[in-house]
Amino acid sequence: MENYKLLTPGPLTTTKTVKEEMLFDRCTWDDEYKAITKKIRFELLEIAVASPKDYTTVLMQGSGSFGVESVLHSTISGKDKLLIISNGAYGERIIKMAKCIGINYISFKLEYDNVFKTCDIKDILDNDIEITHIAMVHSETTTGIINPIEEIAKISKDYGKILIIDAMSSFGGIPINVQNLEIDYLVSSSNKCIQGVPGFCFVICKIERLIKCFGNSKSLCLDLYDQWKSMDKDGQWRFTSPTHVVAAFSKAIDELIEEGGVEARNDRYKKNNCLLRSKLKNIGFDAYIKEELQSPIITTFLFPSENFDFSDFYNYVKERGFVLYPGKLTEVNSFRIGNIGEIYEEDIEKVCNIIEGYMGGEKHE
Ligand SMILES: *Cc1c(COP(=O)(O)O)cnc(C)c1O
């Protein structure tokens, strides 16, 4: 297989040094390994700007969706009702999970290129006092739209609700002050902006909430409370932990800190994203999301013409060293380019030149 860089938002391109951490097989119950788990849990709180007095990190095996599902299973009891705000496929995945688990929920669905209006959410909460929890995706990776996290946090706080944020594709790449926003549960995973490899997810939990969740979960494996209690005791995961992934993730956090933390990473991602969008605009690609709602994570581009052949385009770009992402919209033809991971301006320049070459007709040769 030819080597390529991923312009997909997770798994993403990681550094060689992160990958090298996986060349050694660690023992799950050895103290040195447990110390890595403790380090990660502590550092994730620092990244979340959350005090260990009020917050704790629970790591969970599986991809990001397992983390979201574990929160739904473990924190919403039979007496609760969940409001799910959705403007993309990941919001819809939360709805599907709620249905599957049998949670009492309502959904508020928006167009994929739109964010909620405060008055609409307030209306829903005013008219349905049964609602106890609110769930929303922060950066909707479906389109690249960014949802107003400060506003939902304020509403949730004013109404005394419990707030669940899927910050999968934003945490570590966009500053989020979990403590100030008083987010109750924030979920992300190892293979997004922290720039680790896939294999586990994590939940930043407000302790005063989580402590009340004993016995809620109808799933043994996804029981966030139980996982927390076990992990808190001595740093050991319940059941086998993804040792290689955990070691690589610890290294990835070190490298995030070396880069200058979340702010510095956010700057790099923003620069990548602005460059990408302006260069592609000049080549003839329009972005689906308007600029003020666009995240610095991933961009959806519309096909430049009706007869645009995405798979031909994809192969052309892949042969030259970059992998793109198909679109996830049903009503318009689109594709996506992620700009997170070990990706720099020179990579963006390069991929844009390749795309320009393709549009210039090189493909017809
Ligand atoms: C990546 C991602 C997830 C998790 O997806 P998995 O396939 O389970 O890793 C959830 N929500 C958002 C917004 C994501 O970007």
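That block above? That's the structure.
Per chain, the residues get numbers from 1 upward, laid out in the order the sequence is written. Residue-level local features of this predicted model are given only where pLDDT is at least 70; pairs of side-chain atoms are given and counted only at 80 or more, and the full residue set underlies all totals for whole chains, interfaces and linings. Each side-chain value is derived from all of the structure's non-hydrogen atoms; neither hydrogens nor water enter the calculation.

Draft legend 1. View of the site of the ligand. Taken together, Ser63, Gly64, Ser65, Tyr90, Arg93, Val137, Ser139, Thr141, Asp166, Met168, Ser169 and Lys192 are the residues near the ligand. Aspartate 166 is positioned with one of its side-chain polar atoms (N or O) 2.7 Å from a nitrogen atom of the ligand. Burial of the ligand by the protein amounts to 87% of the accessible area it has alone, namely 380 Å². Among the residues making up the shell around the ligand, the classes are represented as three nonpolar, six polar and three charged. Being near a molecule or strand, for a residue, means having at least one of its heavy atoms within 4 Å of it. We call two N or O atoms a polar contact when they sit within 3.5 Å, provided that within protein one can donate a hydrogen and the other can accept it, with sequence-adjacent residues counted only if both atoms are side-chain atoms. Areas reported as accessible are Shrake-Rupley estimates using a 1.4 Å probe. Residue values count occlusion only from the protein chains shown. Basically, the charged four are Asp, Glu, Lys and Arg, the nonpolar ten are Ala, Val, Leu, Ile, Met, Phe, Trp, Tyr, Cys and Pro, and anything else, Gly included, counts as polar.

Draft legend 2. Highlighting the packing of aromatic side chains. Side-chain rings of Phe, Tyr and Trp (the six-membered ring for Trp) are treated as a pair once their centres are within 6.5 Å; stacked means planes under 30 degrees apart, edge-to-face means over 60, and tilted covers the remaining angles. Within this structure, the stated rule accounts for 22 aromatic pairs. Considering the side-chain rings of phenylalanine 200 and phenylalanine 249, the 5.0 Å spacing of their centres and the 75° angle between planes classify their relative orientation as edge-to-face. Here phenylalanine 249 lies in helix 10 (residues 243-259) and phenylalanine 200 lies in strand 10 (residues 200-206), a separation of 49 residues in the sequence. For the exposure calls, accessible area comes from a 1.4 Å probe over protein chains only, and a residue counts as buried if that area is under 20% of its type's maximum, exposed if over 50%, partly exposed in between. Given a relative accessible area of 0%, phenylalanine 249 falls into the buried group. Put simply, the rings of Phe285, Phe301, Phe303, Phe308, Phe310, Phe313, Tyr314, Tyr316, Phe335 and Tyr358 touch in pairs and so form one group of aromatic residues. We count a charge as sitting over a ring when the NZ of a lysine or the CZ of an arginine lies within 6 Å of the ring centre and within 35 degrees of the ring normal. Here the basic side chain of lysine 192 rests over the ring of tyrosine 90, its NZ or CZ set 5.8 Å away from the ring centre. Over the ring of tyrosine 316 we find arginine 320; its NZ or CZ atom is 3.6 Å from the centre of that ring. Only DSSP runs of H or I with at least four residues qualify as helices, and only runs of E with at least two residues qualify as strands; both kinds are numbered from the N terminus onward.

Draft legend 3. Region of interest: unusual backbone geometry. Omega for the peptide link from glycine 10 to proline 11 comes to -5°, which places this bond in the cis form. Mapped onto the secondary structure, proline 11 falls in the loop between strand 1 (5-6) and helix 1 (16-20). Of note in the backbone geometry, glutamine 195 takes a positive phi value of approximately 70° without being a glycine. Position of glutamine 195 among the secondary structure elements: in the loop between strand 9 (185-189) and strand 10. Classification of glutamine 195 as buried rests on a relative accessible area of 4%.

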